[in-house]
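Here's the letter readout for the chains.
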Amino acid sequence: VALFILFINYLLLPTFYNQSDISRVLKSELSKKLNLNLKFSNKLKYKLFPLPHFSSDDAIIYYDQNEISKIKKLKIFISIENLFSLKNVSLKNIILENSNFYLIKKNYNFFLKLLESNFENTQIRILNSSIFFKNSNEEILFINKILEMKYFRDSKDLKNKIYSENEIFNIPYEIELYKDKNLNKYFSKTSLNFIKLKIENEHKFDEEIKTGKINLLLNNSKSFISYKKNKSLIEFSL
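Residues numbered from 1 in each chain as written. Predicted model: local features only at pLDDT ≥ 70, side-chain atom pairs only at ≥ 80, totals over all residues. Heavy atoms only, no water.

With respect to the overall build of the chain
Quick reminder of the rule: Each helix is a run of DSSP H or I of at least 4 residues and each strand a run of E of at least 2, with the numbering of both proceeding from the N terminus. Three labels apply to residues, based on accessible area from a 1.4 Å probe with only protein chains included: buried if under 20% of the type maximum, exposed if over 50%, partly exposed otherwise in between. For this analysis, residues touch if any pair of their heavy atoms sits within 4.5 Å. The Shrake-Rupley method, run with a 1.4 Å probe, gives the accessible areas here. Residue values count only the displayed protein chains as cover. Charge convention: Lys and Arg are scored as positive, Asp and Glu as negative, and His as well as the terminal groups of each chain are ignored. By convention, charge coordinates are those of NZ in Lys, CZ in Arg, CG in Asp, or CD in Glu.
Each helix and strand counted, the chain has three helices and 14 strands in total. Seen through its C-alpha atoms, the chain measures out along the principal axes to roughly 70 × 40 × 35 Å. Here the chain holds 238 residues, and the buried ones make up 38% of them. Here the contacts in the chain between residues at least 6 apart in sequence split such that 38% fall between residues at least 24 apart. For the chain, the computed accessible surface area is about 14700 Å², with 53% contributed by carbon and sulfur atoms. Of the charged side chains in the chain, 38 are positive and 26 negative, and the gap between their average positions amounts to 2 Å.

Shown next, in the form of structure tokens:
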């Protein structure tokens, strides 16, 4: 009983941290490790269950110094090691709930840039959120609903990956994506299970003229499309 009480008291240590210090340290860690520039609109709250974490309502993400997302509920889970010092706080999982992301031409690569982050022992989950794609006049072109998106480090092939379950125009689909730095390529697989269609894509990202290949798999039949893209033209070959 005494050991249990001591352990609970140890877990409660973050409640005594200075609020401004907590905010500064967490923002610094999120920026360094995950390339996330956040602003906490409201006071951070420390909660013990289900695991020790800080939560904030109405947080904001900035990208290239511009607001890109509004988050209704943000949870930052921390390691239970070294809680005696705020300087030793280590990030675990980050959960963004009921978030709205606003993408235009100059920030459309936000989700790809997150793949450059350090996901060693850390994950990002985005739940029940939406992506608003806008044109240059700030008009909404379409909305992609995120049911669940996860960034993680695959322990088998040691690559950062994205897995996401989505809906667009009420059509459900799943997508998996990763970046291979050795081949300078993005690899993705999109699944539309309701019509048994899978789309596998390879895209070379380091050339002035972008090249790639799309494999279409429908009911065990397979075909592919190659493409070449420059600044103003896309060429396809079947």
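Let us keep going from here.
Examining the environment of Leu192
Considering the arrangement of structural elements, one finds Leu192 in strand β10 (residues 185-192). Placed 10 residues apart in sequence, Leu192 and Asn182 show a C-alpha to C-alpha distance of 29 Å. In this structure, Leu192 is in contact with Ile171, Pro172, Tyr173, Leu197 and Ile199, ignoring residues within four places of it in sequence.

What to know about a nonpolar patch on the surface
Inclusion rule: Patch building starts from residues that exceed 30% relative accessible area and form no salt bridge, then joins like charges within 9 Å and nonpolar side chains (Val, Leu, Ile, Met, Phe, Trp, Tyr) within 5 Å. Within this document, salt bridges are pairs made up of a side-chain nitrogen of Lys or Arg and a carboxyl oxygen of Asp or Glu, the two lying within 4 Å of each other.
On the surface, a cluster of nonpolar side chains totalling about 410 Å² of accessible area is made up of Phe169, Ile171, Phe194 and Ile195. Locating Ile195 in the fold gives a position in the loop between β10 and β11 (197-204). Relative accessible area serves as the criterion here: at 39%, Ile195 is assigned to the partly exposed category.

A word on the confidence of the model for the chain
Condition: What pLDDT conveys is the predictor's confidence in a given residue, as a value from 0 to 100.
With 93% of its residues at a pLDDT of 70 or more, the chain has an overall mean of 89. The secondary structure element of the chain with the lowest average pLDDT is strand β14 (residues 234-237), at 52, and the one with the highest is strand β6 (residues 123-134), at 97.

Structural notes on the environment of Asn66
Here Asn66 lies in strand β4 (residues 66-78). Along the backbone, Asn66 and Phe110 are 44 residues apart, and their C-alpha atoms lie at a distance of 12 Å. Not counting residues up to four positions away in its chain, the partners in contact with Asn66 are Ile61 and Lys106.

Some thoughts on the pairing of β11
Under the convention used in this document: DSSP-based pairing: two strands are paired if at least 2 bridges between them are found.
As judged from the eight bridges shared by β10 and β11, these two strands associate in the antiparallel manner. Bridging from a neighbouring strand, Leu192 pairs with Leu197 of β11. Between β10 and the antiparallel strand that follows it, β11, lie four residues; Lys196 among them carries a positive phi value of about 55°. Summarising the sheet, β11 and strand β12 (residues 210-218) pair through eight bridges and their orientation is antiparallel. Each residue of the ladder has a partner; that of Leu197, found in β12, is Leu218.

As for the packing of aromatic side chains
Threshold: Pairing of aromatic rings covers Phe, Tyr and Trp, the last counted by its six-membered ring, and requires centre-to-centre distances within 6.5 Å; plane angles under 30 degrees mean stacked, over 60 mean edge-to-face, and any other angle means tilted. Counting as a charge over the ring demands two things of the Lys NZ or Arg CZ atom: a distance within 6 Å of the ring centre and an angle within 35 degrees of the ring normal.
Applying the stated rule across the entire model yields 11 aromatic pairs. Ring geometry for Phe101 and Phe110: centres 6.0 Å apart, planes at 35°, overall tilted. On the basis of relative accessible area, Phe101 is assigned to the buried category, the value being 1%. A network of ring pairs unites the aromatic residues Tyr63, Phe101, Phe110 and Phe111 as a single cluster. One residue, Lys150, lies across the ring of Phe152, its end atom 5.1 Å from the ring centre. The ring of Tyr178 has Lys161 lying over it, and the distance from NZ or CZ to the ring centre is 5.3 Å.

Some details on the side chain of Lys134
As a reminder, the rule being used: Polar contact is defined as a pair of N or O atoms within 3.5 Å, subject to the rule that within protein one atom must be able to donate a hydrogen and the other to accept it, and that residues adjacent in sequence are counted only when both atoms are side-chain atoms.
Position of Lys134 among the secondary structure elements: in strand β6. Engagement of the side chain of Lys134 in a polar contact is seen with the side chain of Glu138, the distance being 3.5 Å. With near-sequence residues (within four places) excluded, Lys134 lies in contact with Tyr102, Leu103, Ile104, Glu139, Ile140 and Leu141.

Overview of the pattern of salt bridges
Taken as a whole, this structure holds 12 salt bridges when the rule is applied. In this structure, Asp21 engages Arg24 in a salt bridge whose closest nitrogen and oxygen atoms are separated by 3.3 Å. Here Asp21 pairs with Arg24, and both are found in helix α2 (residues 19-34), just three residues apart, close to one helical turn. With relative accessibility at 29%, the residue Asp21 sits in the partly exposed group. It is possible to trace a salt-bridge network through shared partners that takes in Glu116, Lys179 and Lys181.

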